[in-house]
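Listed below are the residues making up each chain.
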Amino acid sequence: MTTRTTRAERLAMPLARAVVRELAVSNGGCVRPVQLRRTDTRTGEVDQVLVPCGHTLASVCPSCAERGKTLRAAQCREGWHLDHEPIVQADEPDEVQRMWVELRAEHQAARDHAQAAGQDTAELDELNAELDEEITGSGVRGKVMPAKTGRRHRSTRRRQDAPDLPRRKIDSATVGKTYTAPDGATFRPSMFLTLTCPSYGCVQDDGTPADPGTYDYQRAVRDAICFAALFDRFVQNLRRVAGYNIQYFAAIEPQRRLAPHVHVAIRGTISRAELRQVLAATYHQVWWPPAVEVKYHDSELPVWHEASGNYLDAATGEVLPTWDQALDALGDDSEPFHVARFGERFDAQGLLAGSRDASRCIGYLTKYLTKYLGDCHQAATGAQAVHADRLVQALRYEPCSSRCANWLRYGIQPKDPRPGLRPGYCRGKAHRREHLGYAGRRVLVSRKWSGKTLADHRADRKRWLLGTLGIPDPDPARHKWEPVTPGDPDHMPPAQRMLHVVADRQRWHAALTEARRRANAPPNLSATGEAAA
Ligand SMILES: [Zn+2]
Ligand SMILES: [Zn+2]
């Protein structure tokens, strides 16, 4: 006989799905695996393979995010103190990478066909964009199709107040200098550098402005929006001054005041005096039309004119200036829309390979990678919540890019105008609370850092695992792969996939523990060397 339970008791019981998820996470398994069908081309045998989603946010998939973080730490460690030039060599694509690219080719053909037939390609374009993400996610570098480039190339004018930097010829070397101590020992130090944004007003220990009324929120959000571009400028200038092809691994994070800052691992060292000089000379100018005067408030927004593909003034029917027209209207004496610079204060320290300091710094570099920028510092006080709100408010009507809907507010059509644009509701990443104005990538790695892509580092781990388990590397040409979609008879619903993941993980764990035990056991006691299944 079953025991009677009350509704409250039943509600208090753990939900089966939640328990499975919990179990998957505690076993380091992906909670949203992608199902692929694998056919052995020799035997015709079909099996289902669950590939981890690979998401970098812990709020989406804790296990994949943690694995990604570990991989980034390995990548950072491997490149930081290289004493030889890395060989950048593209690997042969693996089967899964080939599959995505083949799918992409098919869809491109379908899309071009639709376009030739005068059909709407929006949906296919979206699908192709998703496939591009899959291709990148599978570790293929670059894009299948080159991005459309604009015709406009505006020469950036040099500001008078930027000091000229000494320019050395840039050597192609990427490895830092070696120093020799009086006793003959040689060492090759590297650097850990932290760059911050300038001051927007005095802040207190909790990161909130001492005087919120005078804190420059607009400058703060504009700096955040172009932070990655500014960092790019800095690296270019640094290479010029140092005279070699400086390599870096950088992580973007928020400070307590919610402004981005960047931690940078640099191979080789640069003197503090030179750093100061480079920082003083580094700026990024944004040449956009001015967004000062609000031309259209929410009640009188411009309207889309389908026939001409333009936005019109709702009252007069006048066509708003296009993006190119607005840019052309900028005269030689116009001021840039924004000039971003780093703050004067920076932190730099020299480090030696394998030191405890180096490990600690790798910890800093990867600490927040599994969280959104906006989630790194949770507001604990009312003042902190108000500060975060004011930043988001300032971001709301700030143009995030040339395509931003907010340009309509200032009487200008954004680049590539399309129907449905509404100021204050731009879907650009930068406007969202979780991104705090910074829409770029969280980790910026130069091309010759470790000479490997993240996919290479992942392959290293896989090779190590297979080697430890004594499993031979599978023949890459042997299998045919296909994604399994919800309509397919062999499609597994998410809960079933997660159960499989738990079982797989437990099997791997047991096999690995066993392999390690055998490796550590005295030779006469070791097992026969059979491969662990
Ligand atoms: Zn996952
Ligand atoms: Zn926007």
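Residues numbered from 1 in each chain as written. Chains lettered and ligands numbered in written order. Predicted model: local features only at pLDDT ≥ 70, side-chain atom pairs only at ≥ 80, totals over all residues. Heavy atoms only, no water.

A.B. asks: Looking at this structure, how should I read the coordination of the zinc ion (ligand 2)?
C.D. replies: In this structure, Cys400 (SG), Cys404 (SG), Cys426 (SG) and His431 (NE2) serve as the protein donors to the zinc ion (ligand 2), at separations of 2.0 to 2.3 Å. Between the 4 donor atoms coordinating the zinc ion (ligand 2), the angles at the centre fall across 103 to 116°, so the site counts as tetrahedral. Counting residues between consecutive donors of the zinc ion (ligand 2) along the chain gives the motif C-x3-C-x21-C-x4-H. Placement of cysteine 400 in the loop between helix 11 (382-396) and strand 13 (443-445) and of cysteine 426 in the loop between helix 11 and strand 13 is noted, with a sequence separation of 26 residues between them. With relative accessibility at 15%, the residue cysteine 400 sits in the buried group. (Donors = N, O, S within 2.8 Å, 3.2 Å for Na, K, Ca; no water. Tetrahedral: all angles 85-135°; square planar, octahedral: opposite > 155°, others 65-115°. Helix = DSSP H or I, 4+ residues; strand = E, 2+ residues; numbered from the N terminus. Buried < 20%, exposed > 50% of the residue type's maximum accessible area, 1.4 Å probe, protein only.)

A.B. asks: Is there a simple way to think about the packing of helix 7 (residues 227-242) against helix 8 (residues 272-281) in this case?
C.D. replies: The relative placement of two packed helices comes down to the angle between their axes together with the axis-to-axis distance. Direction vectors running N to C along helix 7 and helix 8 enclose 135°, while the axes themselves pass 10 Å from each other. In terms of their interaxial angle, helix 7 and helix 8 are classed as oblique. For helix 7 against helix 8, the interelement crossing comes out right-handed. Across from Phe234, Asn237, Leu238 and Val241 in helix 7, the residues of helix 8 making contact are Glu274, Leu275, Val278, Leu279 and Ala281. When its residues are assigned to classes, the contact of helix 7 with helix 8 shows 7 nonpolar, 1 polar and 1 charged. (Axes fitted to C-alpha atoms, helices over the stretch in contact; angles between N-to-C directions. Parallel < 35°, antiparallel > 145°, perpendicular 65-115°, else oblique. Left-handed = near helix turned anticlockwise from the far one by under 90°. Contact = heavy atoms within 4.5 Å. Nonpolar A, V, L, I, M, F, W, Y, C, P; charged D, E, K, R; others polar.)

A.B. asks: Is there a simple way to explain the nonpolar core in this structure?
C.D. replies: It is characteristic of soluble globular proteins that their nonpolar side chains tend to be buried jointly. Core analysis: the biggest nonpolar cluster contains 68 residues, and Leu193, Phe231, Phe234, Val262, Ile266, Leu275 and Phe342 have the highest contact counts within it. If one sorts the elements of this core by residue count, helix 7 sits on top with 7 residues. Every residue in contact with phenylalanine 234, bar those within four places of it in the chain, is listed here: Leu193, Leu195, Leu275, Val278, Leu279, Thr282 and Phe342. (Core = buried A, V, L, I, M, F, W, Y, C linked by side-chain atoms within 4.5 Å.)

A.B. asks: Could you clarify how one ought to interpret the sheet that holds strand 1 (residues 34-40) in this entry?
C.D. replies: Where strands meet in a sheet, backbone hydrogen bonds hold them as pairs that are either parallel or antiparallel. Taken in spatial order, the 3 strands line up as 2-1-14 in an open sheet, and their pairing is antiparallel. The sheet is open, and its two edges are formed by strand 2 (46-51) and strand 14 (479-483), each paired on a single side. Taking the axes of each pair of neighbouring strands and ignoring which way they run, one obtains an average angle of 30° across the sheet. With respect to the sheet, helix 4 (residues 95-116) is in contact with strand 1 and strand 14, its orientation differing from that of strand 14 by roughly 50°. (Pairing = 2+ DSSP bridges.)

A.B. asks: What is the right way to read the packing of helix 6 (residues 217-225) against helix 11 from this model?
C.D. replies: Taken N-terminus to C-terminus, the directions of helix 6 and helix 11 make an angle of 70°; their axes are 9 Å apart at the nearest point. With respect to each other, helix 6 and helix 11 are oriented roughly perpendicular. Between helix 6 and helix 11, the residues in contact are Tyr217, Ala220, Val221 and Ile225 and His387, Arg390, Leu391, Ala394 and Leu395, respectively. A per-class count over the contact of helix 6 with helix 11 returns 7 nonpolar, 1 polar and 1 charged.

A.B. asks: Just to check I follow, could you spell out the sheet that holds strand 13 for this structure?
C.D. replies: The 5 strands are arranged 12-5-7-6-13 in an open sheet whose pairing can be described as antiparallel. The two strands at the open ends of the sheet, each matched to only one other strand, are strand 12 (346-351) and strand 13. Averaged over all adjacent pairs, the angle separating strand axes in this sheet is 15°, with direction ignored. Pairing between strand 6 (residues 248-254) and strand 13: 3 bridges, direction antiparallel.

A.B. asks: Explanation requested: helix 7 in the structure shown.
C.D. replies: An α-helical turn contains 3.6 residues, so any two residues separated by three or four positions project in the same direction. Helix length check: helix 7 (16 residues) gives 22 Å between terminal C-alpha atoms against 22 Å at 1.5 Å per residue, within 8%. Regarding helix 7, the residues found buried are Phe227, Leu230, Phe231, Phe234, Val235, Asn237, Leu238, Arg239 and Val241. (Expected span 1.5 Å × (residues − 1).)

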